[in-house]
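# Coordinate inspection notes
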Amino acid sequence: MKIICVGRNYVEHIKELNNEAPKEPVLFLKPDTAILLKKQPFFIPEFSNEVHHEVEILVKINRIGKHIDRKFAHKYYDEIGLGIDFTARDLQSKLKEKGLPWEKAKAFDGAAVVGSFLSKSDFKDINDINFRLEKNDEVQQRGNTSLMLWKIDTLIEYISKYFTLKIGDIIFTGTPSGVAKVDSNDILKGFIEEKEVFSIKIK
Ligand code: ZN
């Protein structure tokens, strides 16, 4: 399986990093080795002094598809989840400055937290889902899928122009504002509406 991530999909997050608003979605990939194993803590890697959490809504692909039309995109997933796109921000800034790929800063081992998935049918409208990240029991990031620049079905159409989507692939749909550094002993908890879907200890 592969993980396809969308960058700069929420206006407030684009502003907080002083990035330019993109004209089309920014995409990058994480390998399956980036997935943080269930119940394992996240170890801050030695090559970074500034790992940020980015909480993101996830979409799990349930059938193979290429050049998927937005109108039919809803047929390609039944589950919605929440995860963290851990980012070595110090390293990413250096790579961005030089125009180099971001993988070392975003695709390292453990950099993808994948929480429990919920059935799409649990939601009235997938374009109106509230989610949040709590750090040590305080809300650190809050988002709603209505605030995405490109909504889920549009992302599937766009991504599948470039990459064939396969069963089990996961799309990270971008982070809202509030990204911040994690420190040893932090506890990060993710919620979709009021349901806790992951809890991660930082080491
Ligand atoms: Zn992200």
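These numbers come from a predicted model, not from an experiment.

In spatial order, the strands read β10-β9-β13-β14; together these 4 strands make up an open sheet with antiparallel pairing. Of all strands in the sheet, those with a lone pairing partner are β10 (138-144) and β14 (195-201), marking the two edges. Adjacent strand axes in the sheet meet at a mean angle of 15°, parallel and antiparallel pairs treated alike. Bridging between strand β9 (residues 130-135) and strand β13 (residues 187-192) involves 5 bridges; their strand directions are antiparallel. Opposite L133, over in β13, you have G190 as the bridge partner.

Another aspect to go through is the coordination of the zinc ion. Ideal geometry at a metal centre: 109.5 degrees between donors when four sit tetrahedrally, and 90 or 180 degrees when six sit octahedrally. Distances from the zinc ion to its protein donors, E54 (OE), E56 (OE) and D85 (OD), fall within 2.0 to 2.1 Å. As a motif over one chain, the donors of the zinc ion read E-x1-E-x28-D. Of the two residues, E56 is situated in strand β4 (residues 55-61) and D85 in strand β5 (residues 77-85); the sequence distance between them amounts to 29 residues. Here E56 matches D85 in class, with each residue buried.

The next point concerns the packing of aromatic side chains. What the rule picks out here adds up to 7 aromatic pairs. Centroid distance Y158 to Y162: 5.4 Å. Interplanar angle 55°. Geometry classified as tilted. Note that Y158 and Y162 are positioned in helix α4 (residues 152-162) at a spacing of 4 residues, about one turn of the helix. What makes Y158 buried here is its relative accessible area of 12%. One aromatic cluster in this structure is built from F42, F47, F86 and F108. If you follow R63 out to its NZ or CZ, it ends over the ring of Y76, 4.7 Å from the centre.

The buried fraction of α4 amounts to 8 of the 11 residues, a majority that puts the element mostly inside the structure. Burial in α4 covers these residues: I152, T154, L155, I156, E157, Y158, I159 and S160. Of the surrounding secondary structure, the elements contacted by the buried residues of α4 are β1 (3-7), β2 (26-30), β4, β5 and β11 (170-172).

Before going further, it helps to spend a moment on the side chain of N144. Position of N144 relative to the elements: it lies in strand β10. Separated by 2.7 Å, the side chains of N144 and S146 make a polar contact. Those residues in contact with N144 that sit more than four places away from it in its chain are Y10, N127, D128, I129, N130 and F131.

Let us now look at the environment of F86. Assignment of secondary structure puts F86 in the loop between β5 and β6 (87-88). For F86, a relative accessible area of 0% gives the class buried. Considering only alpha carbons, one finds F86 and V51, 35 residues apart in sequence, at a separation of 6.5 Å.

Scoring rules and cut-offs
- Residues numbered from 1 in each chain as written.
- Predicted model: local features only at pLDDT ≥ 70, side-chain atom pairs only at ≥ 80, totals over all residues.
- Heavy atoms only, no water.
- Pairing = 2+ DSSP bridges.
- Helix = DSSP H or I, 4+ residues; strand = E, 2+ residues; numbered from the N terminus.
- Axes fitted to C-alpha atoms, helices over the stretch in contact; angles between N-to-C directions.
- Donors = N, O, S within 2.8 Å, 3.2 Å for Na, K, Ca; no water.
- Buried < 20%, exposed > 50% of the residue type's maximum accessible area, 1.4 Å probe, protein only.
- Phe/Tyr/Trp six-rings, centres within 6.5 Å; stacked < 30°, edge-to-face > 60°.
- Lys NZ or Arg CZ within 6 Å of the ring centre and 35° of its normal.
- Contact = heavy atoms within 4.5 Å.
- Polar contact = N/O pair within 3.5 Å; in protein donor to acceptor, adjacent residues only side chain to side chain.

Remember, this is a structural readout, not a statement about activity or role.
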